[in-house]
Amino acid sequence: MKHRLYLFVSIFLYFILIFFVGKIIFMLVNGSGDGIMNIPAILYHGLPLDLSMSGYLTIIPALILIASIWLKSEFVARIFNVYYIIILLSIAIVTVVDIVVYPYWGFHFDSTVFLYLQKPKETFASASVLEMFVGLFSILLFFFVAYLGYIYAIRKQVIKLEIPKSIWKTSVILLLLAGALFLPIRGGVTVSTMNVGKAYFSDNMFLNHAAINPEFNLMYSFFKSDNFASQYQFFDKAEASVLFDSIMYQPESDSVQHLLNTNRPNIIFFILESFSANVALDSIVAPNMSRFAKEGILFSNFYANSFRTDRGLVSILSGYPAHPTVAIMKYPQKTESLPTIPKALKDTGYGSMSFYYGGDADFANMRSYFVGACGISDVVSDKEFPLAQRMTKWGVPDDPLLERVYSEITTKEQSFPFFKLILTLSSHEPFDVPVTQFDVPFLNAVHYTDKCLGSFVDKLRVTPLWDNTLIIFVADHAMQSYPVGIKNNEPERFRIPMIWTGGAVKQPKNISDFGSQKDIAASLLSQLGVKYQDFKFSKDLLGEGRKFAFYSYVNGFTMTDSTGTVTYDNDRQSIIRQSGNPQLEKDAKAFFQTMYLDLGSR
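Below or above, wherever it landed, is the structure these notes cover. Keep in mind it's a predicted model, so treat the numbers as computed, not measured. (Residues numbered from 1 in each chain as written. Predicted model: local features only at pLDDT ≥ 70, side-chain atom pairs only at ≥ 80, totals over all residues. Heavy atoms only, no water.)

As for unusual backbone geometry
Residue Pro-430 follows Glu-429 across a cis peptide bond; omega there is 15°. Mapped onto the elements of the fold, Pro-430 is located in the loop between β6 (419–423) and α20 (441–461). Residues Tyr-482 and Pro-483 are joined by a peptide bond in cis, for which omega reads -5°. One can find Pro-483 in the loop between β7 (469–475) and β8 (498–501). (Helix = DSSP H or I, 4+ residues; strand = E, 2+ residues; numbered from the N terminus.)

Digging into the environment of Arg-493
Summarising the element assignment, Arg-493 is placed in the loop between β7 and β8. On the basis of relative accessible area, Arg-493 is assigned to the buried category, the value being 4%. Sequence-wise, Arg-493 and Gly-503 are 10 residues apart; in three dimensions their C-alpha atoms are separated by 32 Å. When residues no more than four places from it in sequence are discounted, the contact partners of Arg-493 are Ala-478, Met-479, Gln-480, Ser-481, Tyr-482, Pro-483, Ile-486, Lys-487 and Asn-488. A polar side-chain atom of Arg-493 sits 3.0 Å from the main-chain carbonyl oxygen of Tyr-482. (Buried < 20%, exposed > 50% of the residue type's maximum accessible area, 1.4 Å probe, protein only. Contact = heavy atoms within 4.5 Å. Polar contact = N/O pair within 3.5 Å; in protein donor to acceptor, adjacent residues only side chain to side chain.)

Description of the sheet that holds strand β14 (residues 574–580)
If you walk across this open sheet you meet the four strands as β11-β12-β13-β14, and the pairing is antiparallel. The strands lining the two open edges of the sheet, one partner per strand, are β11 (549–553) and β14. For this sheet, the mean angle separating the axes of adjacent strands, direction not counted, is 10°. Summarising the sheet, β11 and strand β12 (residues 556–561) pair through five bridges and their orientation is antiparallel. Directly across from Ser-552, in β12, lies its bridge partner Phe-557. Contacting β11, β12, β13 (564–569) and β14, helix α22 (residues 583–601) runs over the sheet at an angle of about 130° to β12. (Pairing = 2+ DSSP bridges. Axes fitted to C-alpha atoms, helices over the stretch in contact; angles between N-to-C directions.)

Quick word on a nonpolar patch on the surface
Residues Leu-130, Phe-133, Val-134, Phe-137, Leu-141, Phe-144, Val-145, Leu-148 and Tyr-152 make up a contiguous nonpolar surface patch of about 960 Å² in total accessible area. Residue placement: Phe-133 occurs in helix α7 (residues 129–159). (Patch = residues over 30% accessible without salt bridge, like charges linked within 9 Å, V, L, I, M, F, W, Y side chains within 5 Å. Areas by Shrake-Rupley, 256 points an atom, 1.4 Å probe, with all protein chains shown as cover. Salt bridge = Lys/Arg side-chain N within 4 Å of Asp/Glu carboxyl O.)

Structural notes on the packing of aromatic side chains
Going through the model one piece at a time under the given rule, you end up with 43 aromatic pairs. Seen in terms of ring centroids, Phe-26 and Phe-206 are 5.9 Å apart; in terms of plane orientation they differ by 20°. Their pairing is stacked. Of this pair, Phe-26 sits in helix α1 (residues 2–30) while Phe-206 sits in helix α10 (residues 205–211), placing them 180 residues apart in sequence. We classify Phe-26 as buried; its relative accessible area is 4%. (Phe/Tyr/Trp six-rings, centres within 6.5 Å; stacked < 30°, edge-to-face > 60°.)

Things to note about the sheet that holds strand β5 (residues 378–380)
Read from one edge to the other, the open sheet built from eight strands follows the order β5-β4-β6-β1-β7-β8-β2-β9, with strand pairing classed as mixed. With partners counted over all chains shown, the strands left at the sheet margins are β5 and β9 (509–511), one partner each. This sheet shows a mean twist of 15° between the axes of neighbouring strands, independent of strand direction. Pairing between strand β2 (residues 297–299) and β9: three bridges, direction parallel. Residue Phe-299 lies in a different strand from β9, and its bridge partner there is Ile-511.

Considering the pairing of β14
Sheet topology note: the β13/β14 ladder contains six bridges and is antiparallel. Bridging across to β14, Asp-569 finds its partner in Ser-574. Following β13, the chain reverses through four residues before pairing antiparallel with β14; Gln-573 in that reversal takes a positive phi of roughly 60°.

Here's the deal with helix α4 (residues 73–105)
With 33 residues, α4 extends 46 Å between its outermost C-alpha atoms, agreeing within 8% with the 48 Å of an ideal straight helix rising 1.5 Å per residue. Along α4, the largest kink reaches about 30° and is centred on Ile-99; proline Pro-103 follows within four residues of it. The first or second residue beyond α4 is Gly-106, which carries a positive phi of 80°. (Expected span 1.5 Å × (residues − 1). Bend = angle between axes of the 7 residues up to and from the residue.)

Points about the side chain of Gln-250
Within the secondary structure, Gln-250 is located in the loop between α12 (237–248) and β1 (266–272). Take Gln-250: its relative accessible area is 18%, and that puts it in the buried class. Of note is the side chain of Gln-250, whose polar atom sits 2.9 Å from the backbone oxygen of Glu-544. Ignoring sequence-local partners within four residues, the contact set of Gln-250 consists of Tyr-532, Lys-539, Asp-540, Gly-543, Glu-544 and Lys-547.

Written out as structure tokens, the structure is:
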């Protein structure tokens, strides 16, 4: 019996040892010198999640141990071999991939990765062949070392198993031990159950992330409830509704700033991949965007609502704030119930509508959103370009993409006014562009796209279309890995440019009011004299009333305006940044709660 008890404990502890090794490697690869000094604290504070995950993984070996009382040790060893090959390979994949993607995402990957894996070509387009080879080699090496440890720490004991003298006593004790795994799995017997927030211990978010068990985080994301309306209940629904209505109240006024020469311009809408404000408005890196900002209307306190393209697209076109734990684009039945700018324009007489993207329009359910929710049937993506032009891993670079757009709007018959939507891709990792002016690949990619945009606008400027055309530039999100040294929840990490230019713009202007992607719908439609009441989360930045920016990160949210800033972390269940107006905390929580209530109702 003692032999089996010792084996049970060894199984449980060995998984914890593997998790410790994974975290240490994570810190060595992604941490700075100061961060590495915190490895003991990271291991200590992350231990509850490691214990919980080890408990889950020990359940099946525990049941096999009980069955081993009546089975031959050789047969039991074969079962253990199969189990450990599957589990250790899975741990190796999760651990290594998590280490690799963290610098780009700023958090551990979760179940949303499987939405992207439906299009593996695009998912892995950011990685070079060498990076994929190194990643695969690292996975196999991690697995080999872990399996070797299993052979010496676990399998040798399994082979020595014998039938115990007291079968029933041994089986009862093992059953009790298996049942006791409930305690580390749940995190004790208190009301609070195990969750990733248990690992949070520092005001340095990276250290908190390093303490999180990536396997537990992935599993936790799978089992989160899809009952969105019941999540994040900071207030009762009536109070949340009152607070939300107060936040979104915007008095009707005749003093709305009119920025355009016409209320029915042609609209060319650019969504720029990863264009952070700090580079997009840099006159050296992006001279053309800087020029457009001076020639047109610059929204200088503008923010992305999220950190991913699929979320950013919905925020921009539907005025719908991004949920940190789920992408609504994953649910076509929900996105089809959203209002969208293209549909609102179509209802007011806009004619030709097209979406241009050099990549795969089916990636992350984009096509279902553009066709179903936006009503854009003319979708031009990588398959509509010659194979010779699909020269990057993501597809067609921005230069031939914009040449195609220019050619079609100037030579093909159009039904006026038209709406053209373009999503760029060259400034996405791996930044595969024919520019080497800067030491940082991302800056080269932004510079390349900026050059393409400058050429497009300058050519359009001398055509008859120019005088009645509004061109909008906005980023899908900011770059999460540049510049270094900015936390993934800081406002500067989410600040992006929005610029309106073109012949339809009356005069240059700087709009300094705070706003975010969700406010584009109300602001644009208001300028066109189109009703926007269906966009319940969108505010007219040119109208009267309070203005604010709101964004969500991994599992938290920030509200910022001219009176202050508040950032609340859902995993930590506390405020991690606050300055100025204390009322922002209640307002931010009510806004965030309403987001989930609305998502659940669709």
